[in-house]
Amino acid sequence: MGVSMSYLPLTFLLPLLGTFILALSRGHMSERGSVWVGVSSVGLAALVTAFITIQFMSGDQSAQTLTLWTWISVGNFTPTIGLALDGLSITMLGIITGVGFLIHLFAAWYMRGEEGITRFFAYMNLFVFSMVLLVLGDNLMLLFLGWEGVGICSYLLIGYYYRDSANGAAAFKAFLITRIGDVFLAIGLFLIFAELGTLNIAAILEQAPAHWATGDSLVRWAALMFLGGALGKSAQLPLHTWLADAMAGPTPVSALIHAATMVTAGVYLIARMHGIFDLAPDVLHLVGVIGAATLLMAGFAALAQTDIKRILAYSTMSQIGYMFLALGVGAYDSAIFHLMTHAFFKALLFLSAGAVIVSCHHEQDMRKLGGLWRRLPLAYMGFIVGGAALSALPLVTAGFYSKDDILWQSLAADQKGLLLAGLVGALLTSLYTVRLIIGTFHGEMKSDHARNAEPGRGLQHGLPLILLAVLSTFIGAMIHPPLSGVLPASPGESTEAGHTALELIAAGTAIAGIALAAWLFLRKREALARLVSGGPGASLWTLWNQAWGFDLLFDRLLVRPFRILVFILRRDIIDALFGLVASITKGLNAGLTRTQTGRVRTYATSMVLGATVVLIFLAFGQ
Amino acid sequence: MLTSAHMMALTPVILVCATAVTVMLGIAWRRQHAATALVSILGLNLALVSLYLVYSAGDVSTPLLVFDRLSMLGMVLVLASTLACLTMSHAYLEGYPGRKEEFYLLMLCAAAGGMVLVASQHLATLFFGLELLSMPLYGMLAYTYRDKRSLESGIKYLVLSAAATAFLLFGMALLYSQSGRLDIAGLLAGLESSGGGAWALAGAGLMLVGLGFKLSIVPFHLWTPDVYQGGPGPAATFLATASKAAVFIVLLRIVMVAPAFHVEWLHTVLGGLALLTMIVGNLLALIQTNLKRLLGYSSIAHFGYLLVALVVADGLAVETAGIYLITYLMTTLGAFGVVTLLSSPYSGEDASALHHYRGLFWRRPYLAAVLTVCLLSLAGIPFTAGFIGKFYIVALGVEAGRWWLVGGIIAGSVIGLYYYLRVMVTLYLVEPGMRGRDAPDNWGMKAGGVVVLGLALLVIAFGVYPTPVIDWMSVLTSPVH
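Fair warning: this is a prediction, and the values are worked out from it, not measured in the lab.

Cut-offs used in this document
- Residues numbered from 1 in each chain as written.
- Chains lettered and ligands numbered in written order.
- Predicted model: local features only at pLDDT ≥ 70, side-chain atom pairs only at ≥ 80, totals over all residues.
- Heavy atoms only, no water.
- Helix = DSSP H or I, 4+ residues; strand = E, 2+ residues; numbered from the N terminus.
- Contact = heavy atoms within 4.5 Å.
- Areas by Shrake-Rupley, 256 points an atom, 1.4 Å probe, with all protein chains shown as cover.
- Lys, Arg positive; Asp, Glu negative; His and termini not counted.
- Charge placed at Lys NZ, Arg CZ, Asp CG, Glu CD.
- Axes fitted to C-alpha atoms, helices over the stretch in contact; angles between N-to-C directions.
- Parallel < 35°, antiparallel > 145°, perpendicular 65-115°, else oblique.
- Left-handed = near helix turned anticlockwise from the far one by under 90°.
- Buried < 20%, exposed > 50% of the residue type's maximum accessible area, 1.4 Å probe, protein only.
- Salt bridge = Lys/Arg side-chain N within 4 Å of Asp/Glu carboxyl O.
- Core = buried A, V, L, I, M, F, W, Y, C linked by side-chain atoms within 4.5 Å.
- Pairing = 2+ DSSP bridges.
- Expected span 1.5 Å × (residues − 1).
- Polar contact = N/O pair within 3.5 Å; in protein donor to acceptor, adjacent residues only side chain to side chain.
- 1 Å grid on protein atoms, 1.4 Å probe; cavity = no way out; pocket = protein on both sides within 12 Å on 5 of 7 lines; lining within 4 Å.
- Points joined across faces, edges and corners; volume = space filled by probe spheres on them.
- Nonpolar A, V, L, I, M, F, W, Y, C, P; charged D, E, K, R; others polar.
- Buried area = accessible area lost by both parts, 1.4 Å probe.
- pLDDT = per-residue confidence, 0-100.
- Phe/Tyr/Trp six-rings, centres within 6.5 Å; stacked < 30°, edge-to-face > 60°.
- Lys NZ or Arg CZ within 6 Å of the ring centre and 35° of its normal.

To continue, consider the overall build of chain B. Secondary structure assignment for chain B yields 19 helices and 2 strands. The dimensions of chain B, computed from C-alpha atoms along their principal axes, are 70 × 55 × 40 Å. Pairs at least 24 residues apart make up 81% of the contacts formed inside chain B by residues separated by at least 6 positions. Of the accessible surface of chain B, which amounts to about 16300 Å², a share of 71% is contributed by carbon and sulfur atoms. The average position of the 24 basic charges and that of the 21 acidic charges among the side chains of chain B differ by 10 Å.

Encoded structure:
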């Protein structure tokens, strides 16, 4: 046990303290003060994390636990408030506090002059608190607590501009859809507790192989339930429809919650519970298939968006699809590696988008932007570096190393179908990334907002962009998460056959995609516009623009039948039954209230009667 | 013989009595509100400190009083509750036009009575303690006598309490006639050797009626809402906390040391009363629109839950009862404290109608937050103290296999959730145009404000980190048998 563990609680207590200070100020705090409290609490947490990481890396890197206290202890139900620190949680912790701090700093620039900035930072700090708890908890109950906490913060921040009811609706949608996943996760927790009698993660992973044979139906159910929870949180098919609408929140929120941290919680959950998934190989395969389907679906959808934040949202879905694909082939550490690089470059892209949006007076439609590269050089740099990493430009970007690793692992696991989906996805990624950059920064300026763009200034604006840009290059890929010993070995560790060939193919795909996109969007612009303006091209555009019509499908398939059912059943017998409970309760209340006459003689009579009854009972008892 | 060890053990009680005398002499010499409050608070704090010293000195037993860990727990609870009530009285009485200082005198006397009661191991001290606890309460309840409701509340409590005392005395007489002893242990031993019999059982039943009245067990509960509503805020708070806690502790002591009363039928009757109490208490609160009455019904229901510990009366029962009592006390003190602060300083009837609280959050966010936390805790929501207490009670019922009681707790909690939430919603509604009674702007700077804020923090802290209290309980209550 090193000295580092005793400082560990600070990583979530500091943001919690920030929340308290901001919330208790009742909105009387100045903007400067709010920014100071909000940013410095996460900054200090990041410093503590750095300190702990250095100690951890210089030690033997073994997993450590810190049991703070036992919450309650009755029978064999003894949920502890305990923290576990290993390579996986320290990687997540670094992303949450490190990237989180940079985003908070950027938010200080982005949100300046906004109404309710104190509220904003209070929610953001609360989010960091919950997310850190999620990854540090040594038992599933604490994890679930963090899981719900980030859900509520996501809801609050999506609906931050609550005066527009559309934003409120988007927040509802995100909350309700992720809730479906949360119910599955809760059932999974109950199942694990009923079977193994513990919620401690280390104990579960240790006992599961002895308790269940591989492919046992109960362990498959447990894995399926966990998968359900992960799908909701990580916006994967079919619970993905909330993420694009979640872009209604301020852009730093999209960067922190809906790109870098919260949406990757599902990946973390599956990697953390790998012991359960390894016992259910068919469910694990399903994880990969869902990831592949999502990455393709979202890749096509991203091609046909015009809102720059929606393009990034679908791109996030698609990249998390890659992580699920990696999990599905058993390459847990590749998934976490991609999670990390993705956090860097997607945060960079979102923050750059935020810089564009603020500079262009909250215009985020690509059809009204254009030609900004000269006016907004720093944002342009961010988009170029982040976009290159997103489309996995060979050798110089972080995205290349992590994505190449995933493709290689799927080849090594002999999953040709998944590999093919990954390669097609890589091509799509290059296409929509180049379209996004060209549409935003090149060509003529298409509105006054773009023509009057004012570049951002100051440290708060520049520093996060530059640091994240550095991390998005090959420098970021040199950070190797210390995952050995935490997660099982990947399929690609035993062999090297075909790795170089695949690397070349993947690199070729990325470059070909970029070249194709550049040719299409720079040279063949009119032809493309003609193609989508009528005929089958237009239908395809609409289909992709609506992200394959899942919203419509769910509306027809679930929402409307449900409403019809509700309409039919509004006076059914079951309802009457529940109504009966309420009316009986009310009737009893009315009856009992009549005994409260206010007269002393009634009260005394009731005492005497009560005493008589007690005595009669006791006499009979003899 | 009174030895120095006995004197040592008696120090906390003596200190409280001495404070009462000091306050009385002080009033005779010169009336000064702030000084009186200060002296009272100082005296109680001194008693708490001396309690710690006595506790570390070990158990002391006299024929009349016993200073063991259970009585220490009882004294701590009585003293701490009295302290909170006293602090709130200061804010409350600030604007009272009549004489303010006697209220403290009465409360100090009542506290001394409660301390004697929890330490009693003789029917004489039990009776003496109970009456010393109750008599000042009549005065406290009727203290703001220009308000008709306050007077009514005092008289009602006086008449009905006297009736209950009659039951209690008759029960004691019956027990004495059967065993010839008045000290509780000897009395029970005597009963055991003579085989108990119907008269002894009847005596026990009548004593239960007398004590059950103080705990407002159904069907001896009817006085509760009227008295709570009419009495001044601090008096009602004292009645709901210090008084009930002391009576419950003594009942717990009798049940725990009484193998003779481990008659299945007595437990069944007790269980029936518990079930009735939790259901009826919650049902009565359902559509109540007066917050003080609602809290009264809520306290009825909570003592229904607490009775489960007496019904089971083995294993973890004492620990569970202690934990539940502590959570109940801090929560109830917080909730009543907010009501008291909003009615402070005194100017006529207390702010207890629910419409006074509409939109409270928008003008007094901290007070609304405190009340919210307390209501959540009363409802037993996780991460508040109330959840821990309720969890232990449910676990106790489950382990003892008393499924019908567990069912009652669950049904009661469901009903409870409805009316607690109803109050909470009111706090956050849009503020109506007109303003009713309101706390002064600087309430947070005053001692009363600090106390309610501290209580709310305690409720949350204990909900998240209950270990210290649980450990304390398991140590404190271990040798009682």
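Following the structure, the description resumes.
All names here are of chain B. Their axes nearest at 7 Å, the elements helix H3 (residues 69-93) and helix H18 (residues 447-464) cross at an angle of 140°. Looking at the two axes, H3 sits oblique to H18. For the pair H3 and H18, the sense of crossing is left-handed. Contacts between H3 and H18 involve Ala-84, Thr-87 and Met-88 on the former and, on the latter, Ala-447, Gly-448, Val-451 and Val-452.

Our next topic: the environment of A:Asp414. Residue and element names in this part refer to chain A. Relative to the elements of secondary structure, Asp-414 occurs in the loop between helix H18 (398-412) and helix H19 (416-441). On the basis of relative accessible area, Asp-414 is assigned to the exposed category, the value being 52%. Counting along the chain gives 112 residues from Asp-414 to Ala-302, while the straight-line C-alpha distance between them is 29 Å.

What follows concerns the pattern of salt bridges. Residues and elements named next belong to chain A. Considering all chains together, one arrives at 19 salt bridges over all chains under this definition. Between Asp-182 and Arg-179 there is a salt bridge, and its shortest N-O distance comes to 3.6 Å. In this pair, Asp-182 and Arg-179 both sit in helix H7 (residues 165-196), 3 residues apart, roughly one turn of the helix. Owing to a relative accessible area of 4%, Asp-182 belongs among the buried residues under this scheme. Across the pair Asp-414 and Lys-416 runs a salt bridge, and its minimum N-O distance is 3.2 Å. Taking the relative accessible area as the measure of exposure, Lys-416 reaches 51% and is therefore exposed. A cluster of three or more residues bridged by salt bridges with shared partners is formed by Lys-173, Asp-245, Arg-310 and Asp-551.

If you look at soluble globular proteins, the nonpolar side chains tend to sit buried side by side. Residues and elements named next belong to chain A. By size, the foremost hydrophobic cluster in this structure holds 371 residues, and its most contacted members are Ile-276, Phe-277 and Val-356. If we skip the residues at most four places from it in the chain, Val-356 touches Ile-308, Leu-369, Leu-372, Leu-376, Ala-379, Phe-383, Thr-440 and Phe-441. Residues Leu-407, Leu-419, Leu-502 and Ala-506 belong to the second largest nonpolar core, which totals 6 residues.

What follows deals with the pairing of strand E2 (residues 80-85) of chain A. Residue and element names in this part refer to chain A. Of all 6 residues making up E2, 5 are buried, and the element is well covered by its neighbours. Bridge analysis of strand E1 (residues 64-70) against E2 gives 6 bridges, and the strand direction is antiparallel. By the bridge assignment for E2, Thr-67 is matched with Gly-82.

In this section: helix H12 (residues 291-312) of chain B. All names here are of chain B. The first and last C-alpha atoms of H12 sit 32 Å apart over 22 residues, in line with the 32 Å expected at 1.5 Å per residue. Of all 22 residues in H12, 22 are buried, a share of seventy percent or more. N-capping of H12 is provided by Asn-290, with a side-chain oxygen placed 3.0 Å from the backbone N of Lys-292. Positioned one or two residues after H12, Ala-313 has a phi angle of 50°, which is positive.

The next point concerns the layout of surface pockets. Residue and element names in this part refer to chain A. Estimated volume of the second largest pocket: approximately 760 Å³. If you go around the second largest pocket, you meet 24 residues; those closest to its centre are Arg-435, Phe-521, Leu-528, Val-532 and Trp-541. Of all elements in the fold, only H19, helix H23 (499-523), helix H24 (525-533) and helix H25 (535-545) reach the threshold of two or more residues within the lining of the second largest pocket. The element that contributes the greatest number of residues to the lining of the second largest pocket is H24, accounting for 5 residues. For the lining of the second largest pocket, the per-class residue count stands at 14 nonpolar, 5 polar and 5 charged.

Moving on, we get to the interface of chain A and chain B. It is common to give the size of an interface as the accessible area lost on bringing the parts into contact. Taken together, the contact between chain A and chain B spans 36 residues of the former and 49 residues of the latter. Where chain A abuts chain B, roughly 3600 Å² becomes buried across the two surfaces, and 79% of that area is made up of carbon and sulfur atoms. Contact with chain B buries surface across chain A, with A:Trp71, A:Met607 and A:Leu618 losing the most and accounting together for 20% of the total. For the interface between chain A and chain B, the tally reads 0 salt bridges. On inspection of chain A and its partner chain B, the count reaches 7 residue pairs in polar contact (both at pLDDT 80 or more). Among the secondary structure elements, those contributing two or more residues to the side of chain A that touches chain B are E1, helix H27 (573-593) and helix H28 (600-621) of chain A. Per element, the largest residue contribution to the side of chain A that touches chain B is 14 residues, and it comes from H28(A).

For the rest of this paragraph, the subject is unusual backbone geometry. Looking along the chain, the bond that leaves A:Leu237 and enters A:Pro238 is cis, with omega of -5°. Tracing the sequence through the fold places A:Pro238 in the loop between helix H9 (217-233) and helix H10 (242-245). Along the chain, B:Val218 connects to B:Pro219 via a cis peptide bond; the corresponding omega equals 5°. With respect to the element layout, B:Pro219 can be found in the loop between helix H8 (198-214) and helix H9 (223-230).

All right, on to the side chain of B:Ser216 then. Residue and element names in this part refer to chain B. With respect to the element layout, Ser-216 can be found in the loop between H8 and H9. Side-chain polar atoms of Ser-216 contact the side chain of Lys-244, separated by 2.7 Å. For Ser-216, the residues in contact, after removing those within four places along its chain, are His-221, Trp-223, Thr-224, Lys-244, Thr-277 and Ile-300.

What follows deals with the confidence of the model for chain B. Summarising the model, chain B shows a mean pLDDT of 89, and 94% of its residues fall at 70 or more. Across the predicted assembly, pTM comes out at 0.84 and ipTM at 0.89.

Looking now at the packing of helix H1 (residues 4-29) of chain B against helix H4 (residues 102-119) of chain B. Residue and element names in this part refer to chain B. Direction vectors running N to C along H1 and H4 enclose 165°, while the axes themselves pass 9 Å from each other. Considering the angle they form, H1 stands roughly antiparallel to H4. Once H1 is placed against H4, the crossing between them reads as left-handed. Contacts between H1 and H4 involve Pro-12, Val-13, Val-16, Cys-17, Thr-19, Ala-20, Val-23, Met-24 and Ile-27 on the former and, on the latter, Glu-102, Leu-105, Leu-108, Cys-109, Ala-111, Ala-112, Met-115 and Val-116. For the contact of H1 with H4, the residue count by class is 15 nonpolar, 1 polar and 1 charged.

A few words on the packing of aromatic side chains. Tallied over the entire structure, the rule returns 29 aromatic pairs over all chains. Measuring from ring centre to ring centre gives 6.2 Å for B:Tyr157 and B:Phe213, while their planes differ by 20°; the resulting arrangement is stacked. Taken together, the positions of B:Tyr157 in helix H6 (residues 148-179) and B:Phe213 in helix H8 put the pair 56 residues apart, joining distant regions of the chain. Pair check on accessibility: B:Tyr157 and B:Phe213 agree, each one buried. Among the aromatic residues, those joined into a ring-pair cluster are A:Phe120, A:Phe121, A:Tyr160 and A:Tyr161. When the ring centre of B:Trp29 is taken as reference, the NZ or CZ atom of B:Arg30 above it lies at 5.1 Å.

Below, the discussion takes up the environment of A:Arg119. All names here are of chain A. Within the secondary structure, Arg-119 sits in helix H5 (residues 117-136). A relative accessible area of 26% means that Arg-119 is categorised as partly exposed. Leaving out residues up to four positions away in the same chain, Arg-119 has contacts with Tyr-160 and Tyr-162.

This brings us to the environment of B:Phe387. Tracing the backbone through its elements, the reader meets B:Phe387 in helix H16 (residues 385-400). Looking at B:Phe387, the relative accessible area reads 15%, which means it is buried. Measuring from C-alpha to C-alpha, the distance between B:Phe387 and B:Tyr324 comes to 9.4 Å, with 63 residues separating the pair along the chain. Setting aside anything within four residues of it in sequence, one finds B:Phe387 in contact with A:Trp71, A:Ile72, B:Ser377, B:Gly380, B:Ile381 and B:Pro382.

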